[in-house]
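Here is what each chain is made of, one letter per residue.
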Amino acid sequence: MAEAGADKVRELIANARFVLFDFDGPICQLFAGHSADDVAKDLVSWLEGHGLRALLTDEERKHPDPHVVLKAVNERHPRSDLVAELEERLTQQELKAVGSAQPTAYADPLIRTWRAVGCRLAVATNNSPRTVKDYLGGRDLLDCFDSHVYGRTSDLDLMKPNPDCLNRALRAMGGAPADSLMIGDAPADCEAAGRAGIPFLGYARNEEKETLLRAAGAEAVVDSLEPILIQLRERG
């Protein structure tokens, strides 16, 4: 990080009493061993098997992000039984992926350290909360969050960039946006934080991610969680 960027990160960390993490990216790579592209293809195949191929455009059928498929169907059949079935199928695929998910470097000690210095923690994600709790429980991290996990609901219109899951997290913890920090790796995370009035810190594991975050308006971006952990330990 450049010095100016480092100063901004230090400021964000120093001011944060409530920290909201996105899940897939900042905490782990959920689909490290269970390809997200394959999951998206599974959802498309399921739709085609039910005679619903025409629901998706060619671009949506080929998209590697299963959330794109889910959102596309919800746009055309909002809050329908079809959407509920497709969402449950995605949840089952996410739960299957937990077993081969790879922890993001420094995420586990960062979570434990942030909790140890007195911050309240939550997860605000577009993944199923069942998936998040399963992963965190398997790594003995769930207690660090006091079960404050806010994810995808039956109302898919509330997925990020809608700030709903961030707002639910802060209401439950009694936190104010100005005293909080959102850590995410996608433009939707940055937009949701902005709409909720929460300062944002981007995590970009590659240049493409950083470019997208900067284009979305992220002023502070790190390519590793290590400098955050170091600063917290120095503060503690």
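First, a word on what this report is: a plain description of the structure on this page. Computed from a predicted structure; not experimentally measured. Residue numbers run consecutively from 1 along every chain, following the written order of its sequence. Residue-level local features of this predicted model are given only where pLDDT is at least 70; pairs of side-chain atoms are given and counted only at 80 or more, and the full residue set underlies all totals for whole chains, interfaces and linings. Derived side-chain values reflect all non-hydrogen atoms in the structure, with water molecules and hydrogen atoms excluded from consideration.

1. Points about unusual backbone geometry
The condition that has to hold: Helix numbers and strand numbers start at the N terminus; a helix is a DSSP run of H or I with at least 4 residues, a strand a run of E with at least 2.
With an omega dihedral of 20 degrees, the bond running from K160 to P161 counts as a cis peptide bond. Mapped onto the secondary structure, P161 falls in the loop between β5 (149-150) and α8 (164-173). Phi at Y106 takes a positive value of approximately 75 degrees, unusual for a residue other than glycine. Tracing the backbone through its elements, the reader meets Y106 in the loop between β3 (102-103) and α6 (107-116). A positive phi angle, close to 55 degrees, is found at D140, a residue other than glycine. Take D140: it is sitting in the loop between α7 (129-138) and β5.

2. Remarks on the layout of surface pockets
Condition: Residues are said to line a cavity or pocket when one of their atoms sits within 4 Å of a point; the points come from a 1 Å grid over protein atoms alone, cavities being sets where a 1.4 Å probe fits but cannot get out and pockets being open sets with protein on both sides within 12 Å along at least five of seven lines. Grid points are joined across faces, edges and corners, and a volume is the space filled by probe spheres set on the points. As a working rule, the residues Ala, Val, Leu, Ile, Met, Phe, Trp, Tyr, Cys and Pro are called nonpolar, Asp, Glu, Lys and Arg charged, and the rest polar, with Gly in that last group.
Its boundaries defined by the atoms lining it, the largest pocket holds a volume of some 770 Å³. As for the largest pocket, its lining consists of 28 residues, of which D24, D65, H67, A186 and K209 are closest to the centre. When contributions to the lining of the largest pocket are tallied by element, the ones reaching two or more residues are β2 (28-29), α4 (66-76) and α9 (187-196). Classifying every residue of the lining of the largest pocket by side-chain character gives eleven nonpolar, seven polar and ten charged.

3. Observations concerning the nonpolar core
To keep it simple, the criterion reads: We call a set of buried residues a nonpolar core when its members are Ala, Val, Leu, Ile, Met, Phe, Trp, Tyr or Cys and they connect through side-chain atoms within 4.5 Å of each other. Each residue gets one of three labels from its accessible area relative to the maximum for its type: buried under 20%, exposed over 50%, partly exposed in between, using a 1.4 Å probe on protein chains only. Any pair of residues with heavy atoms lying within 4.5 Å of one another is described as a contacting pair.
In terms of nonpolar packing, the biggest core is built from 56 residues, with F21, I27 and W114 touching the most fellow members. Ignoring sequence-local partners within four residues, the contact set of F21 consists of P26, I27, L110, I111, W114, L121, A122, V123, A124, F145, M182 and I183. Listed in part, the 21 residues of the second largest apolar core include L20, L166, A193 and A204.

4. Focus: empty space enclosed by the protein
Here the structure, examined in full by the defined rule, presents one cavity of 30 Å³ or more. There is about 40 Å³ of room inside the largest cavity. Together, T125, N126, G151, R152, T153, L158, M159, D164, C165 and R168 line the largest cavity. Looking at the lining of the largest cavity, its residues break down into three nonpolar, four polar and three charged.

5. Side note on the packing of helix α5 (residues 81-98) against α7
Definition in use: In this analysis, axes come from line fits to C-alpha atoms, helices being fitted only over the stretch in contact, and the angle between any two N-to-C directions falls in the range 0 to 180 degrees. In these notes the angle categories are as follows: under 35 degrees is roughly parallel, over 145 is roughly antiparallel, 65 to 115 is roughly perpendicular, and the rest is oblique.
Two elements in contact, α5 and α7, have axes whose closest approach is 9 Å; the angle formed by their N-to-C orientations is 10 degrees. Judged by the angle between their axes, α5 and α7 are roughly parallel. Facing α5, whose interface residues are E88, T91, Q92, E94, L95 and V98, α7 presents R130, T131, D134 and Y135. When grouped by side-chain class, the residues that make up the contact of α5 with α7 number three nonpolar, three polar and four charged.

6. Section: the packing of helix α2 (residues 36-49) against α4
It is the contact of α2 with α4, at a shortest axis distance of 8 Å, that shows an interaxial angle of 30 degrees. Judged by the inter-axis angle, α2 sits roughly parallel to α4. Touching A36, V39, A40, L43, V44 and L47 of α2 are P66, V69 and V73, all from α4.

7. What about the packing of aromatic side chains?
Each aromatic ring pair is characterised by the separation of its centres together with the angle its planes make. Defined as follows: Any two rings among Phe, Tyr and Trp, with Trp reduced to its six-membered ring, count as a pair given centres within 6.5 Å; such a pair is stacked if its planes are under 30 degrees apart, edge-to-face if over 60, and tilted if neither.
Scanning the entire structure with this criterion turns up three aromatic pairs. On the numbers, 6.1 Å between centres and 85 degrees between planes, the contact of F21 with W114 is edge-to-face. Placement of the pair is F21 in strand β1 (residues 18-21) and W114 in helix α6, with a sequence separation of 93 residues. As far as burial versus exposure is concerned, F21 and W114 are alike and both buried. Every member of this aromatic cluster is reached through a ring pair, and the members are F21, W114 and F145.

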